[in-house]
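Each chain is listed here by its residues.
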Amino acid sequence: MWPSTSRTETVTCLACGDRIARSMAREYDKHGDRWDREEKVFEYLCKSCHGDLCHHPRTELEDLLVELDAGNTAREPFLSRYLEAIEERYGTLEEES
């Protein structure tokens, strides 16, 4: 027998913490591969938080954050090291006029 589809599953938005119906949420996969569903557990974002995200590819970002010990380093030193690493890898960051 198929599971009941009338049951409303609620999930928690990982950005703001609001509890929302699963049908009103967007799936988030920190590895950027939401199409490969084998043995995967997704996190969720509410539509508002999902819309606020930058949707550009983040190739190499996870590896860079691990390399720079993100989450275990004070904010200012981390940001300084992050900018240095970005400039070293991709060139100087300049504002467009």
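Residues numbered from 1 in each chain as written. Predicted model: local features only at pLDDT ≥ 70, side-chain atom pairs only at ≥ 80, totals over all residues. Heavy atoms only, no water.

Draft legend 1. Region of interest: the side chain of glutamate 27. With respect to the helices and strands, the residue glutamate 27 is situated in strand 3 (residues 25–28). For glutamate 27, a relative accessible area of 15% corresponds to the buried category. A distance of 3.0 Å separates a polar atom in the side chain of glutamate 27 from a polar atom in the side chain of arginine 22. (Helix = DSSP H or I, 4+ residues; strand = E, 2+ residues; numbered from the N terminus. Buried < 20%, exposed > 50% of the residue type's maximum accessible area, 1.4 Å probe, protein only. Polar contact = N/O pair within 3.5 Å; in protein donor to acceptor, adjacent residues only side chain to side chain.)

Draft legend 2. Representation of the nonpolar core in the model. Counting 9 residues, the largest nonpolar core is built from Val11, Cys13, Ile20, Ala25, Phe42, Tyr44, Leu45, Cys46 and Cys49. Ranked by residues supplied to this core, first place goes to strand 4 (residues 43–46) with 3 residues. Not counting residues up to four positions away in its chain, the partners in contact with cysteine 49 are Cys13, Ala15 and Cys16. In terms of nonpolar packing, the next biggest core, distinct from the first, is built from 5 residues, Leu64, Leu68, Phe78 and Ala85 among them. (Core = buried A, V, L, I, M, F, W, Y, C linked by side-chain atoms within 4.5 Å. Contact = heavy atoms within 4.5 Å.)

Draft legend 3. Local environment of the environment of lysine 47. Its location among the elements puts lysine 47 in helix 1 (residues 47–52). In this structure, the C-alpha to C-alpha distance between lysine 47 and isoleucine 20, residues 27 residues apart in sequence, is 9.8 Å.

Draft legend 4. Representation of unusual backbone geometry within the structure. Positive phi values are uncommon outside glycine, yet aspartate 69 reaches one of about 60°. Along the chain, aspartate 69 falls in the loop between helix 2 (61–67) and helix 3 (75–90). For aspartate 69, a relative accessible area of 35% puts it in the partly exposed group.

Draft legend 5. Molecular detail of the pairing of strand 3. Of the two faces of strand 3, the one lined by Ala25 and Glu27 is fully buried and the one lined by Arg26 and Tyr28 carries no buried residue. Bridging between strand 3 and strand 4 involves 4 bridges; their strand directions are antiparallel. In the sheet register, alanine 25 faces strand 4, and the bridge partner there is cysteine 46. (Pairing = 2+ DSSP bridges.)

Draft legend 6. Structural view of helix 3. With 16 residues, helix 3 should reach 22 Å at 1.5 Å per residue; the first-to-last C-alpha distance of 22 Å fits that figure. Of the residues making up helix 3, those classed as buried are Phe78, Ala85 and Ile86. Projected down its long axis, helix 3 shows its buried positions confined to an angular sector of 100°, all on one face. Among the exposed residues of helix 3, those pointing more than 90 degrees away from its buried face are Glu76, Glu84 and Glu88. The secondary structure elements touched by the buried residues of helix 3 are helix 2. Positive phi appears at glycine 91, one or two residues downstream of helix 3, with a value of about 100°. (Expected span 1.5 Å × (residues − 1). Arc of directions from axis to C-beta.)

Draft legend 7. The pattern of salt bridges, seen in detail. All told, the structure shown has 2 salt bridges when counted by the stated rule. A salt bridge links arginine 22 to glutamate 27, with the shortest nitrogen-to-oxygen separation between them at 3.0 Å. One salt bridge in this structure joins glutamate 67 and arginine 89, with 2.7 Å as the shortest N-O distance. Taken as a pair, glutamate 67 in helix 2 and arginine 89 in helix 3 lie far apart in primary sequence, 22 residues in all. (Salt bridge = Lys/Arg side-chain N within 4 Å of Asp/Glu carboxyl O.)

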